[in-house]
Amino acid sequence: MEYRVLAVGDVVGEPGLRHLERHLRPLQKLKNIAFTVVNGENASGVGLTEEQAWRIRDAGADAVTLGNHAFGKTQIAACLDETSWLLRPANLSGRAPGHGCEIFDLGGVRIRVLNLIGRCDLSWGADNPFTAADRNLERGEAELTVVDFHAEATSEKLAMGYYLDGRVSALWGTHTHVPTADERVYPKGTGYITDLGMTGPVESVLGIEPAQSVEGFLGGLPGRYRPAAGPCKLQGAVFTLDGSTGRCTGVERIDLR
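Reference entry: report on the structure contained in this document. Being a predicted model, the structure only gives us computed values, none of them experimental.

### Notes on the overall build of the protein
No. 1: The number of helices and strands found in the protein is six helices and 14 strands.
No. 2: Computed over C-alpha atoms, the radius of gyration of the protein comes to 17 Å, within 12% of the 18 Å expected from 2.2 N^0.38 for 257 residues, which places it in the range of a compact globule.
No. 3: The principal-axis extent of the C-alpha atoms belonging to the protein is close to 55 × 40 × 35 Å.
No. 4: For the protein, the residues scored as buried account for 54% of the 257 residues in total.
No. 5: Long-range pairs, those at least 24 residues apart, make up 63% of the contacts in the protein with a sequence separation of at least 6.

### Comments concerning the pairing of strand β13 (residues 232-242)
No. 1: With eleven of its eleven residues buried, β13 lies for the most part within the structure.
No. 2: Burial of the side chains of β13 extends over both faces: C232, L234, G236, V238, T240 and D242 are buried on one face and K233, Q235, A237, F239 and L241 on the other.
No. 3: The pairing of strand β1 (residues 2-8) with β13 spans seven bridges and is classified as antiparallel. Bridge pairing in β13 places V8 opposite G236.

### Re the side chain of T83
No. 1: By the element assignment, T83 lies in the loop between α3 (76-82) and β5 (86-87).
No. 2: Looking at T83, the relative accessible area reads 10%, which means it is buried.
No. 3: Within the local environment of T83, its side chain forms a polar contact with the backbone oxygen of C79, the two atoms lying 2.6 Å apart.
No. 4: Those residues in contact with T83 that sit more than four places away from it in its chain are W54 and H99.

### Let's talk about the sheet that holds strand β11 (residues 191-193)
No. 1: Pairing in this open sheet of six strands is mixed, and the strands run β6-β7-β8-β9-β11-β10 from one edge to the other. Looking at which strands have only one partner, the edges of the open sheet turn out to be β6 (101-105) and β10 (184-185).
No. 2: Where strand β7 (residues 110-117) lies against strand β8 (residues 144-150), seven bridges are found, and the strand directions are parallel. Its bridge partner lying in β8, L114 is registered against V147.
No. 3: Packing against the sheet, helix α4 (residues 129-137) makes contact with β6, β7 and β8, and its axis sits at approximately 160 degrees to β7.

Cut-off values and rules
Residues numbered from 1 in each chain as written. Predicted model: local features only at pLDDT ≥ 70, side-chain atom pairs only at ≥ 80, totals over all residues. Heavy atoms only, no water. Helix = DSSP H or I, 4+ residues; strand = E, 2+ residues; numbered from the N terminus. Rg over C-alpha atoms; globule rule 2.2 N^0.38 Å. Buried < 20%, exposed > 50% of the residue type's maximum accessible area, 1.4 Å probe, protein only. Contact = heavy atoms within 4.5 Å. Pairing = 2+ DSSP bridges. Polar contact = N/O pair within 3.5 Å; in protein donor to acceptor, adjacent residues only side chain to side chain. Axes fitted to C-alpha atoms, helices over the stretch in contact; angles between N-to-C directions.

Okay, here's the thing in structure tokens:
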């Protein structure tokens, strides 16, 4: 039996969150989605609140993943400890609240969701994501495994794809907010895309007002990030997974405006 898994790129600000709430369930119905993973770490711009986490969940997400802004809003700590579906990168310090790997029962098949963070150009002390993946794949049993690798460097994401090829069903990158056009199935059956893109304002620089971003590059003091106004987009990918083999049979990019 085939299972279609939808991965949604970083939700940015209130505009992106409202766009997700309007369009996620119709998209799930259109694409016959069995399971949905949404990266929500930018719902508040930097981090997300417990209310926003539940809004993403209520919009239709089965799992919500995070990244380098996982603790941008410190009040999320209690929610991370109390909810199985909200994941922060598994290779963060063991002293951090929450967890980064969970197995979900789809009724006939189990799916493991693993959230990892890269270390290239994300200059802080995460554990090695490659060895962290090894450890987490040994815990529990699941017919399907999908990975949200929140990383800056395309090389690190591509290398992780080859490293886990044949051991996970799908791996996608998040963090850059810019979608890549390299969706594919790796030689041993792992579905892959380097970055999903983002869910947020179309006319923006990674979700924020263009003028504010330009001012920063000119050397000015742009101030606290302000989400851009105007129409939004929902970007991501659909991975078609074979429940009997655990392999991916197809990857389709999504860009819903």
